[in-house]
Amino acid sequence: MCNVHHQLELQKRRTFAIISHPDAGKTTVTEKMLLLGKAIRTTGTIKGRGNGKYAKSDWMNIEKRRGISVTTSVMQFTYKNILINLLDTPGHEDFSEDTYRILTAVDCCLLVIDAAKGIEERTKKLMNVTRLHNTPIITFINKLDRDSLEPIEILDEIEKYLKLNCTPITWPISCGKSFKGIYHLHDKMIHLYKKNIIKKSNFFHSKSFCCFLNEPSLKEYIGRDLNIQFHEELKLITHVYPEFIKKKFLKGYMTPVFFGSALGNFGINHILESLIKWAPSPVYRQTNIRKVKPEEKKLTGFIFKIQANMDLKHRDRIAFMRIVSGKYKKGIKLRHVRTKKNITISDAFSFLAGDRFIVEKAYPGDVIGIHNHGTIKIGDTFTEGEDIQFVGIPSFAPEVFRGIVLKNPLQQKKLKKSLFQLSEEGAIQVLRPMINNSIILGAIGVLQFDVVIERLNIEYKIDATYRKVDIFIARWIRSENKKSIFEFVNKNKSYIALDSFNQLIYLAPNKANLNITKNLYNDIFFDKTREQ
Ligand code: G4P
């Protein structure tokens, strides 16, 4: 297998993404991590919702107008000699199918929860995706400097809605105005929230703002009542919650839970410590034939994202490849398995907050960008010759729908061609109903519709608008029995369409319709995801 050097490169890598509902603090956590990793020097470097500071890819008017970034980036930084790849997941209006698929390219996820809000809708959706691979989850409960729900209530929600066993690693001492800090159950230290530190106090170690649990002046500092309440809570949680078991964490059953305030850069170091201590080094990936281990000598990788127009000057398409095994070196010859073509890659690059750099070497867990002239598709596999295909990089059933209407009907053929090209980037799906000639677009986030209209206009000179359609939910349909599917399609034509890959998809006007249909046809599967 691999040599010692390769093994060391693997051991020092972690690849993860952040899962959160908009506004829970993903950007702030990312920024503080990059600060701790010395990848940036000041805050405000990373895109903030609406502040337009992270505007490297802002070539599109739509991005400029709304001050958001439609593109995704990959950030690489080092923390205590561990190289961390953080894959950014579009969150606000720019939420899309990409957000889901990025989660299939990481080895671990950080779940960020707003302590005042608990588990929100987007979090549930994203967590369902991590379940496809049983990705290990680290949880950070943020904004303790504001009034919050009871910590136990939040942990209950995590267990109930996300089906994860919680094991608190830190525990907060109150919240909001009276937030004093956290107790670290593993290192057995109280970490005091700096904002509230009274400089003259003599009970904490001057630089780290830490003290032991039995520090006599702690009671005085946090107040008698709060102290009693905190000690009672500690007793309770050590009885109620299980010890951290790494094996369970790695299997995605158990999540270590941390508390803090991203804005106050409080508790972020604890997450990073857990990431380097517990999160897995790059893990194996399954192909149609065998498992590929990161230790293998020859390079393999898969494409999980296609990004158009990352750079206004180039107007190019970039394919994002997650390296699974081997080593990328400039000038490497790779086999594009689907097209059976061999290509030489000498200008792959890596990213930091929107900037790109030519890479000389890259290892499993790293993400490299390769230029794509329309031949590379999402889900494609690259190898040094072997004919294998990575699995588990699915399409996700669209959640929002629009009919597309041309202002000039003579552009119909051009429209179809352009839409199919855009759909290859993976952010929208083109659906053709069986009963008429219309075109319906499906997406995961509504912003994609605006992006399509704008791109049709700018790149293809097509003027189009949208109409509402009566579709609420979509599911790909399949059956083991060809006759059943044939009968089903015949009887339900008005609800069925073909996607860009000519796969049958059922478009239900409401949830009740879908449930009734499912009950009527027991031998038909209604799938939320479809392998590329
Ligand atoms: P997101 O990427 O998940 O959408 O969240 P983001 O980090 O942009 O945070 C959303 C809002 O919550 C921001 O405020 C941010 O400053 C605030 N925030 C994040 N972490 C904390 C925290 O630990 N404590 C408190 N009190 N606030 C926090 P904003 O006013 O919407 O934006 P901005 O003007 O501060 O950028």
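The shown structure was predicted, so the numbers you read here are calculated from the model rather than taken from an experiment. (Residues numbered from 1 in each chain as written. Predicted model: local features only at pLDDT ≥ 70, side-chain atom pairs only at ≥ 80, totals over all residues. Heavy atoms only, no water.)

## Observations regarding the packing of helix α2 (residues 26–36) against helix α10 (residues 268–278)
Spelled out, the test is: Convention adopted: a line fitted to C-alpha atoms gives each axis, helices being fitted over their contacting stretch, and angles between N-to-C directions are expressed from 0 to 180 degrees. Elements are defined by DSSP. Helices are runs of H or I of four residues or more, strands are runs of E of two residues or more, and each kind is numbered from the N terminus. For classification purposes, angles smaller than 35 degrees are called roughly parallel, those larger than 145 roughly antiparallel, those between 65 and 115 roughly perpendicular, and all remaining angles oblique. In this analysis, two residues are considered to be in contact whenever any of their non-hydrogen atoms come within 4.5 Å of each other. Note on residue classes: Ala, Val, Leu, Ile, Met, Phe, Trp, Tyr, Cys and Pro are nonpolar, Asp, Glu, Lys and Arg are charged, and everything else, Gly too, is polar.
Axis separation between α2 and α10 bottoms out at 10 Å; the angle between their running directions is 75°. Between α2 and α10, the angle falls in the class roughly perpendicular. Taken together, the residues of α10 that come into contact with α2 (itself represented by Val-29, Lys-32, Met-33 and Leu-36) are Ile-268, Asn-269, Ile-271 and Leu-272. Residues belonging to the contact of α2 with α10 are distributed by class as follows: six nonpolar, one polar and one charged.

## Considering the sheet that holds strand β3 (residues 82–87)
Put simply, the rule reads: Strand pairing follows a simple DSSP-based rule, namely that at least 2 bridges must link the two strands.
Strand order across the open sheet formed by seven strands is β2-β3-β1-β4-β5-β11-β6, with mixed pairing between neighbours. In this open sheet, the two strands that pair with only one neighbour each are β2 (74–79) and β6 (165–168). Ignoring strand direction, the axes of neighbouring strands in this sheet form an average angle of 30°. Judged from the six bridges that link them, β2 and β3 form a sheet pairing that is antiparallel. Opposite Phe-77, over in β3, you have Ile-84 as the bridge partner.

## Observations concerning unusual backbone geometry
Within the chain, Asn-81 stands out as a residue other than glycine whose phi angle is a positive 70°. Take Asn-81: it is sitting in the loop between β2 and β3. A positive phi angle is found at Asn-502, which is not glycine, with a value near 60°. Of note, Asn-502 is situated in the loop between β30 (496–498) and β31 (504–508).

## Some points on the pairing of β3
Put simply, the rule reads: Summary of the burial criterion: residues with accessible area below 20% of their type's maximum are buried, those above 50% are exposed, and those between are partly exposed, where the area comes from a 1.4 Å probe applied to protein chains only.
Burial runs high along β3: six of the six residues are buried. On β3, burial covers both faces: Ile-82, Ile-84 and Leu-86 on one face and Leu-83, Asn-85 and Leu-87 on the other are all buried. Across five bridges, strand β1 (residues 13–20) lies against β3 in parallel orientation. Each residue of the ladder has a partner; that of Thr-15, found in β3, is Asn-85. Between the antiparallel neighbours β2 and β3 lie two residues, among them Lys-80 with a positive phi of about 45°.

## Description of helix α6 (residues 151–162)
The line we're drawing: Residue count minus one, scaled by 1.5 Å, sets the expected span of a helix. As used here, the arc is the angular range of directions from the helix axis to the C-beta atoms.
Here α6 contains 12 residues, and its C-alpha end-to-end distance of 16 Å stays within 8% of the 16 Å for a straight helix at 1.5 Å per residue. Considered for burial, the residues of α6 that qualify are Pro-151, Ile-154, Leu-155, Glu-157, Ile-158 and Leu-162. Looking straight down α6, one finds its buried side chains confined to an arc of 155°; they lie on one side. In the core, the buried residues of α6 are packed alongside β4 (108–114), α5 (121–130), β5 (137–142), β6, β7 (170–173) and β11 (254–259). Just downstream of α6, Lys-163 is the residue with a positive phi angle, here 55°.

## What about the environment of Ala-279?
Relative to the elements of secondary structure, Ala-279 occurs in the loop between α10 and β12 (285–286). For Ala-279, a relative accessible area of 6% puts it in the buried group. Residues Ala-279 and Ile-138, 141 residues apart in the sequence, show an inter-C-alpha distance of 8.5 Å. Aside from chain neighbours lying at most four places away, what touches Ala-279 is Arg-14, Cys-108, Phe-249 and Ser-274.

## Some remarks on the pattern of salt bridges
To keep it simple, the criterion reads: Between Lys or Arg on one side and Asp or Glu on the other, a salt bridge is scored when a side-chain nitrogen of the former is within 4 Å of a carboxyl oxygen of the latter.
With the rule as written, the count across this model stands at 28 salt bridges. Across the pair Asp-387 and Arg-335 runs a salt bridge whose closest N-O atoms are separated by 2.9 Å. With Asp-387 in the loop between β23 (381–383) and β24 (395–396) and Arg-335 in strand β17 (residues 332–336), this pair connects stretches of sequence that are 52 residues apart. Relative accessible area serves as the criterion here: at 15%, Arg-335 is assigned to the buried category. Among the charged side chains, a network of salt bridges with common partners joins Arg-317, Lys-377, Glu-424, Glu-425, Arg-455 and Glu-459.

## A closer look at the nonpolar core
This is how the line gets drawn: Side-chain atoms within 4.5 Å are what join buried Ala, Val, Leu, Ile, Met, Phe, Trp, Tyr and Cys residues into a set we call a nonpolar core. The split of the chain into domains comes from an automatic or database domain assignment.
Within the largest apolar cluster, 79 residues are counted, with the highest numbers of intra-cluster contacts made by Ile-141, Ile-158, Phe-304 and Tyr-328. If one sorts the elements of this core by residue count, strand β15 (residues 317–325) sits on top with six residues. Both of domain 1 (14–278) and domain 2 (285–383) provide at least three residues apiece to this core. Apart from residues no more than four positions distant in its own chain, Ile-158 is found in contact with Ile-113, Ile-119, Thr-139, Ile-141, Lys-163, Leu-164, Cys-166 and Thr-255. Counting 30 residues, the second largest nonpolar core, distinct from the first, contains Ile-84, Phe-140, Ile-169 and Leu-272.

## Some details on the confidence of the model for the protein chain
To keep things clear, this is the line we draw: Values of pLDDT, the confidence the predictor places in each residue, fall between 0 and 100.
Chain-level statistics for the protein chain give a pLDDT mean of 87 and a share of 88% at 70 or above. Of the regions scoring below 50 in pLDDT, residues 65–72 engages in 31 contacts with residues more than four places distant in sequence or in other chains. Within the model, the stretch residues 202–207 combines pLDDT values under 50 with 18 contacts to residues more than four positions away or in other chains.

## Focus on helix α1 (residues 4–11)
Stated precisely, the cut-off is as follows: Polar contacts here mean pairs of N or O atoms no more than 3.5 Å apart (in protein, one a potential hydrogen donor and the other a potential acceptor; neighbouring residues in sequence count only if both atoms are side-chain atoms).
Residues of α1 that are buried include every one of His-6, Glu-9 and Leu-10, and no others. Along the axis of α1, the buried positions cluster into a sector of 100°, meaning they face one direction only. Buried residues belonging to α1 abut β1. Two or three places before His-5, at the start of α1, stands the capping residue Asn-3, its side-chain oxygen 3.3 Å from that residue's backbone nitrogen.

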